[in-house]
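Residues per chain are reported as follows:
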Amino acid sequence: MKELLRQLPPIHEIQKNEKFIAIKGMYNLSQDQLTAMTKEVVALIRTEWLHTTNGEYTPTAEQIQNRIFEALEKKVKDSSAYSLQRVINGTGTILHTNLGRAKLSEEAIDQVVLAARNYSNLEYNIENGTRGSRHDIIEKVIKSVTGAEAAMVVNNNAAAVYLILKALAKEKEVIVSRGELVEIGGSFRVSAIMEESGATLVEVGTTNKTHPYDYEEAIREQTAMIMKVHTSNFKTIGFTASVPLKSLKSIKKDHPQVLLYEDLGSGALLDFRDHQIGEEPTVREALGNGADIVSFSGDKLLGGPQAGIIAGKKSIIKRLKKHQLARVLRVDKMTLAALEATLKAYTFSDEKQNDIPTVKAILESKSSIQKRAMQFLEKGQGLPFHIKLEEGTSQIGGGTMPGVELATFLVSIARKGWSAQQLFNELRLSEPSIVTRIIDEKVHIDLRTITAEEIDIIITTLQRL
Ligand SMILES: *Cc1c(COP(=O)(O)O)cnc(C)c1O
């Protein structure tokens, strides 16, 4: 064994090898960077030999060298690859939080690139030649699509909730129905954010029922706010009652100092009920029903970048903009660029809203999805896989409209001698990664979230397997 280990060439010798020099040039690495990786590779081979060989292994010097440079090149390649990669979403879940939620529209992408590549008027008033505010970039378009008096944007909706509670209810009380004290996506809990903000949570009602008098009885001098929270990924059914904003508005008549805030979660700008999808009220409706202020995500139903949008009364938004936290939670120019372009689509006709991939995917008809499924079948002919057309349902995801099932077409893919899990893993580990669903012991791809171009990528991948 000692003999074998002694055959490993010293680092200074490897450095002189032409392959070392070639790798260095090809991957644009410094001597120090490649030397560090070489040391790691040699140490790894040494450990491997110590644990696996028994003295009978006698490689030639050339074999050892090949082994070192193969491992080194792989290491260099792995470390130069991006961590954030494209993934093909075959799950049919449109707003898959693990897969990056909303895809941006082409307009939004163009605006992001423009903002990234150039200087911009992010905080510059071109007309007057004076300092401007980044809030101005986005406020007008939010007002126009929601009907709000004023608006602002922060990092995400969780940040919006935090800012609102901290700026408007710190050291005061906030009344929330027990039926709305939800946890969303495992990391957002209203009660935890409330505690962090310094506001005191006053729970009213029960898990399944809360009545107007529950709120009314809880209002005291210290009450700053009544907060309604969209229950998002959670649905109570059966013997239930919650208090609509409209009724809360009448309570407010006797208590004008109490603010009405609704965390809408998804924040639909389009009325999906017109398309017989879900029961999601629009942002405009929530404001019209008497909310002083609302907040919602940019990358859920809206179909834009990650952001938290706050809209409502001018006097309240003014207080929020002035708060120190607003500076901490502010969004960058690329987010503003993408959000403005996404929101602009809502100011045009319905057809324009189909430019937003999220909206398009939600509204896409079964027959239109079927066409892509048929294309998949056609292109998959002759492959050593059994590919079959199936009917099923897709989910919206992202904690949005739980229980809503959109009728869709899928393809099931199987191969003789392969388990579903095996195929699922192979597709996941291919490049780009293809994420599928296993249903009834078969791999399924939902064509709702697959583009025509992605069909070709999947077919090519299957060919290679
Ligand atoms: C999703 C959601 C949040 C968190 O929004 P992010 O934009 O993910 O930070 C907060 N409240 C509700 C009701 C939600 O559905």
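Residues numbered from 1 in each chain as written. Predicted model: local features only at pLDDT ≥ 70, side-chain atom pairs only at ≥ 80, totals over all residues. Heavy atoms only, no water.

## Observations concerning the overall build of the protein
Here comes step 1: Within the protein one finds 20 helices and 17 strands.
Here comes step 2: Dimensions of the protein, computed from C-alpha atoms along their principal axes, come out at roughly 90 × 55 × 50 Å.
Here comes step 3: When the 465 residues of the protein are sorted by exposure, 46% land in the buried category.
Here comes step 4: Accessible area for the protein stands at about 24,400 Å²; split by element, carbon and sulfur atoms hold 49% of it. (Helix = DSSP H or I, 4+ residues; strand = E, 2+ residues; numbered from the N terminus. Buried < 20%, exposed > 50% of the residue type's maximum accessible area, 1.4 Å probe, protein only. Areas by Shrake-Rupley, 256 points an atom, 1.4 Å probe, with all protein chains shown as cover.)

## Structural notes on the domain arrangement of the protein
Here comes step 1: When its domains are assigned, the protein resolves into domain 1 (2-79), domain 2 (87-96 + 361-464) and domain 3 (106-355).
Here comes step 2: Contacts between domain 2 and domain 3 engage 11 residues on the former and 14 residues on the latter.
Here comes step 3: Sorting the residues of domain 2 by area buried against domain 3 places Leu363, Met401 and Pro402 first, and these three jointly supply 48% of that buried surface.
Here comes step 4: Linking domain 2 with domain 3 are zero salt bridges.
Here comes step 5: Applying the counting criterion to the domain 2 and domain 3 interface returns one residue pair in polar contact (both at pLDDT 80 or more).
Here comes step 6: Taken together, the residues that form the side of domain 2 that touches domain 3 break down as eight nonpolar, three polar and no charged. (Domains from an automatic or database assignment. Contact = heavy atoms within 4.5 Å. Buried area = accessible area lost by both parts, 1.4 Å probe. Salt bridge = Lys/Arg side-chain N within 4 Å of Asp/Glu carboxyl O. Polar contact = N/O pair within 3.5 Å; in protein donor to acceptor, adjacent residues only side chain to side chain. Nonpolar A, V, L, I, M, F, W, Y, C, P; charged D, E, K, R; others polar.)

## Some points on the pairing of strand 10 (residues 259-265)
Here comes step 1: Here strand 10 lies mainly inside the structure; seven of its seven residues are buried.
Here comes step 2: Alternating positions in strand 10 separate into two faces, Leu259, Tyr261, Asp263 and Gly265 on one and Leu260, Glu262 and Leu264 on the other, with burial throughout.
Here comes step 3: As defined by bridge partners, strand 9 (residues 223-229) adjoins strand 10 across five bridges and the pair is classed as parallel. By the bridge assignment, Met225 is partnered in strand 10 with Leu259.
Here comes step 4: Bridging between strand 10 and strand 11 (residues 293-297) involves four bridges; their strand directions are parallel. Residue pairing in the sheet places Tyr261 in a bridge with Ile293 of strand 11. (Pairing = 2+ DSSP bridges.)

## Regarding the sheet that holds strand 4 (residues 150-154)
Here comes step 1: Read across the open sheet, the seven strands follow the order 4-12-11-10-9-5-8; overall the sheet is mixed. In this open sheet, the two edge strands, each paired with only one partner strand, are strand 4 and strand 8 (200-204). Sheet twist, expressed as the average angle between the axes of neighbouring strands with direction ignored, equals 25 degrees. (Axes fitted to C-alpha atoms, helices over the stretch in contact; angles between N-to-C directions.)

## Here we look at a positive patch on the surface
Here comes step 1: A cluster of like positive charges, contributed by Lys140, Lys143, Lys314, Lys318 and Lys322, occupies part of the molecular surface.
Here comes step 2: Of all the elements in the fold, those that place two or more residues in the positive patch are helix 7 (134-146) and helix 13 (314-322).
Here comes step 3: Note that Lys143 resides in helix 7.
Here comes step 4: For Lys143, a relative accessible area of 32% puts it in the partly exposed group. (Patch = residues over 30% accessible without salt bridge, like charges linked within 9 Å, V, L, I, M, F, W, Y side chains within 5 Å. Lys, Arg positive; Asp, Glu negative; His and termini not counted. Charge placed at Lys NZ, Arg CZ, Asp CG, Glu CD.)

## Focus: the nonpolar core
Here comes step 1: One finds Val294, Leu343 and Ile396 to be the most contacted residues of the largest nonpolar core, which totals 55 residues.
Here comes step 2: Mapped onto the domain boundaries, this core takes at least three residues apiece from domain 2 (87-96 + 361-464) and domain 3 (106-355).
Here comes step 3: Ignoring any residue separated from it by four or fewer positions in sequence, one finds Leu343 in contact with Ile138, Val141, Ile142, Val145, Leu269 and Leu302.
Here comes step 4: Grouped together as the second largest cluster of nonpolar side chains are 35 residues, Ala160, Ile184, Met227 and Ile310 included. (Core = buried A, V, L, I, M, F, W, Y, C linked by side-chain atoms within 4.5 Å.)

## Section: the packing of helix 18 (residues 366-380) against helix 20 (residues 452-464)
Here comes step 1: In contact at an axis separation of 10 Å, helix 18 and helix 20 are set at 30 degrees when each is read in the N-to-C sense. Of the possible angle classes, the one that applies to helix 18 and helix 20 is roughly parallel. Pair helix 18 / helix 20 crosses with right-handed handedness. Facing Arg372, Gln375, Phe376, Lys379 and Gly380 of helix 18, the residues of helix 20 in contact are Ala452, Ile455, Asp456, Ile458, Ile459 and Leu462.
Here comes step 2: Considering only residue class, the contact of helix 18 with helix 20 consists of six nonpolar, two polar and three charged. (Parallel < 35°, antiparallel > 145°, perpendicular 65-115°, else oblique. Left-handed = near helix turned anticlockwise from the far one by under 90°.)

## Comments concerning the pattern of salt bridges
Here comes step 1: Scanning all chains against the criterion turns up 25 salt bridges.
Here comes step 2: A salt bridge links Glu364 to Arg372; the shortest N-O distance between them is 2.8 Å.
Here comes step 3: Residue classification places Glu364 among the buried positions, given a relative accessible area of 15%.
Here comes step 4: Assessed through its relative accessible area of 13%, Arg372 is described here as buried.
Here comes step 5: Lys379 serves as the salt-bridge partner of Asp456, at 2.8 Å between the closest nitrogen and oxygen. Of the two residues, Asp456 sits in helix 20 while Lys379 sits in helix 18, which places them 77 residues apart along the sequence.

## What about the environment of Gln375?
Here comes step 1: Tracing the backbone through its elements, the reader meets Gln375 in helix 18.
Here comes step 2: Given a relative accessible area of 33%, Gln375 falls into the partly exposed group.
Here comes step 3: Once the C-alpha coordinates of Gln375 and Asp456 are considered, the two residues, 81 residues apart in sequence, prove to be 9.6 Å apart.
Here comes step 4: Residues within four places of Gln375 in sequence aside, it is in contact with Ala452 and Ile455.

## A few points about helix 3 (residues 18-26)
Here comes step 1: Two or three places before Lys19, at the start of helix 3, stands the capping residue Asn17, its side-chain oxygen 2.7 Å from that residue's backbone nitrogen.
Here comes step 2: Immediately beyond the C-terminal end of helix 3, within one or two residues, lies Asn28, with a positive phi of roughly 55 degrees.

## Some thoughts on the sheet that holds strand 13 (residues 386-394)
Here comes step 1: Across the sheet, four strands lie side by side as 13-14-17-16; this open sheet has antiparallel pairing. For this open sheet the edge positions go to strand 13 and strand 16 (437-439), each flanked by a neighbour on one side alone. Mean inter-strand twist for the sheet, computed between neighbouring axes without regard to direction, equals 40 degrees.
Here comes step 2: Helix 19 (residues 420-429) rests against strand 14 (406-414), strand 16 and strand 17 (442-446) of the sheet, and its axis sits at about 45 degrees to strand 17.

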